[in-house]
Amino acid sequence: MWWILAVGAVALLIVFYAVGKREIARDESPESDSQKARRDKVLAVKRSTRPLADQRRDGGITAQEVVFHARTFHGFFTNDGLDGLLSNMGAKDLSLNTMGEALTAIGAQPVVPLLKQASLENQRYLRESDASTAPLGSPEQQAHVRAYLDRMRELEAEIDRLGLNVHQLAEAYAGAHDSGERGSGKV
């Protein structure tokens, strides 16, 4: 019996080591300092539903933050899809309204209703998952996950059909607003 506990403890230590090593590598990357500064700045901004123009006058969301949100959308959408984007936004406390305002500011407003619909789908999925009594791995639970992923893929396909390159729009916006956010680094 004791060997089961020992194996479990070793497995847990290995998991902690792998996660810690990844976090250290990310923190030591050349872009990490600028990303941390931008992330801290975004988290420090008061969340508001006022339009971007009003917030700029009050010293709220800046052109740099618009570019940051647009690049966050671009990076996570192209790499992980809407599900990954929404998970990242939830983990970093990024407001859906602020993300929508940033996309609108750079000229990607057709994405905003699809992003809001994806957020509602995600919330619905989480609610239904909490209420579900189907055991993990059961056919019912797998069907529930497949249905959710199919709905998200449909929304992703609609965004793809728009043909907007959010990263290029963010670059153009950065150049026009002289925000110093030029370059090809993604968030």
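Colleague: What is the right way to read the overall build of the chain from this model?
Modeller: Scanning the chain for helices and strands turns up 8 helices and 0 strands. Reading the helices (α) and strands (β) of the chain from amino to carboxyl end gives α-α-α-α-α-α-α-α. The burial tally for the chain puts 35% of its 187 residues in the buried class. Partitioning the contacts of the chain with sequence separation of at least 6, the portion at a separation of at least 24 is 71%. Accessible surface computed for the chain: about 11400 Å², of which carbon and sulfur atoms make up 58%.

Colleague: I keep staring at the confidence of the model for the chain and nothing clicks. Help me out?
Modeller: Residues shown with low pLDDT carry predicted positions that ought not to be read at fine detail. When the pLDDT values of the chain are averaged, the result is 76; 75% of them are 70 or greater. Contacts from residues 39–60, a stretch scored under 50 in pLDDT, to residues over four places away or in other chains number 37 contacts. Considering only residues more than four positions removed or in separate chains, one finds that residues 179–187, a stretch of pLDDT under 50, has 32 contacts.

Colleague: So what exactly am I meant to see when it comes to the nonpolar core here?
Modeller: Most often, soluble globular proteins have nonpolar side chains that are buried together. Of all hydrophobic cores here, the largest spans 32 residues; its most connected members are Phe73, Leu82, Leu85, Leu103, Ile106 and Leu115. Within the residue set of this core, elements represented by two or more residues are α4 (63–91), α5 (96–105), α6 (111–131), α7 (139–162) and α8 (166–176). When residues in this core are grouped by element, the largest group, 12 residues, is from α4. Apart from residues no more than four positions distant in its own chain, Leu103 is found in contact with Ala70, Phe73, Ala108, Gln109, Val111, Val112, Leu115 and Val166.

Colleague: Explain α5 to me, please; I cannot follow it from the model alone.
Modeller: Because an α-helix completes one turn every 3.6 residues, residues spaced three or four positions apart along the sequence face the same direction. Considered for burial, the residues of α5 that qualify are Thr98, Met99, Gly100, Glu101, Ala102 and Leu103. Two or three places before Asn97, at the opening of α5, Ser95 has a side-chain oxygen 3.2 Å from that residue's backbone nitrogen. Once α5 finishes, Gly107 follows within two positions and takes phi at roughly 95°, a positive value.

Colleague: Before we go on, may I ask you to explain the environment of Gly107 in this structure?
Modeller: Assignment of secondary structure puts Gly107 in the loop between α5 and α6. Exposure remark for Gly107: the relative accessible area of 34% places this residue in the partly exposed category. In this structure the C-alpha to C-alpha distance between Gly107 and Ala170, which are 63 residues apart in sequence, comes to 8.9 Å.

Colleague: For this particular structure, what's the right way to read the packing of α4 against α6?
Modeller: In a packed pair of helices, the relevant descriptors are the angle between the two axes and the axis-to-axis distance. Taken N-terminus to C-terminus, the directions of α4 and α6 make an angle of 35°; their axes are 10 Å apart at the nearest point. Packed against α4, whose contacting residues are Phe73, Leu82, Asp83, Leu85 and Leu86, the element α6 presents Val111, Leu115, Ala118, Ser119 and Asn122 at the interface. Residue composition of the contact of α4 with α6, by class: 7 nonpolar, 2 polar and 1 charged.

Colleague: Where do I start with the pattern of salt bridges in this structure?
Modeller: Where charged atoms from two side chains of opposite charge come close, those side chains can pair. Under the defined criterion, the tally for this structure stands at 5 salt bridges. Between Asp150 and Arg153 there is a salt bridge, with its nearest N and O atoms 2.9 Å apart. You can see Asp150 and its partner Arg153 sitting in helix α7, 3 residues apart, about one turn around the helix. Take Arg153: its relative accessible area is 47%, and that puts it in the partly exposed class. Through salt bridges with shared partners, one network takes in Glu121, Arg124, Glu128 and Arg151.

Colleague: Just checking my understanding: could you explain the environment of Glu171 for this structure?
Modeller: By the element assignment, Glu171 lies in helix α8. Distance in space between the C-alpha atoms of Glu171 and Val67 is 7.5 Å, their sequence separation being 104 residues.

Colleague: So what exactly am I meant to see when it comes to the packing of α4 against α7 here?
Modeller: Look at α4 against α7: their axes get within 10 Å of each other, and the N-to-C directions meet at 150°. Overall, the two elements α4 and α7 adopt an arrangement that is roughly antiparallel. Crossing of α4 over α7 shows right-handed handedness. Only Tyr148, Met152, Leu155, Glu156, Ile159 and Asp160 of α7 make contact with α4, whose side of the interface consists of Phe73, Phe77, Gly81, Leu82, Asp83 and Leu86. The residue makeup of the contact of α4 with α7, split by class, is 8 nonpolar, 1 polar and 3 charged.

How each quantity is defined
Residues numbered from 1 in each chain as written. Predicted model: local features only at pLDDT ≥ 70, side-chain atom pairs only at ≥ 80, totals over all residues. Heavy atoms only, no water. Helix = DSSP H or I, 4+ residues; strand = E, 2+ residues; numbered from the N terminus. Buried < 20%, exposed > 50% of the residue type's maximum accessible area, 1.4 Å probe, protein only. Contact = heavy atoms within 4.5 Å. Areas by Shrake-Rupley, 256 points an atom, 1.4 Å probe, with all protein chains shown as cover. pLDDT = per-residue confidence, 0-100. Core = buried A, V, L, I, M, F, W, Y, C linked by side-chain atoms within 4.5 Å. Polar contact = N/O pair within 3.5 Å; in protein donor to acceptor, adjacent residues only side chain to side chain. Axes fitted to C-alpha atoms, helices over the stretch in contact; angles between N-to-C directions. Nonpolar A, V, L, I, M, F, W, Y, C, P; charged D, E, K, R; others polar. Salt bridge = Lys/Arg side-chain N within 4 Å of Asp/Glu carboxyl O. Parallel < 35°, antiparallel > 145°, perpendicular 65-115°, else oblique. Left-handed = near helix turned anticlockwise from the far one by under 90°.

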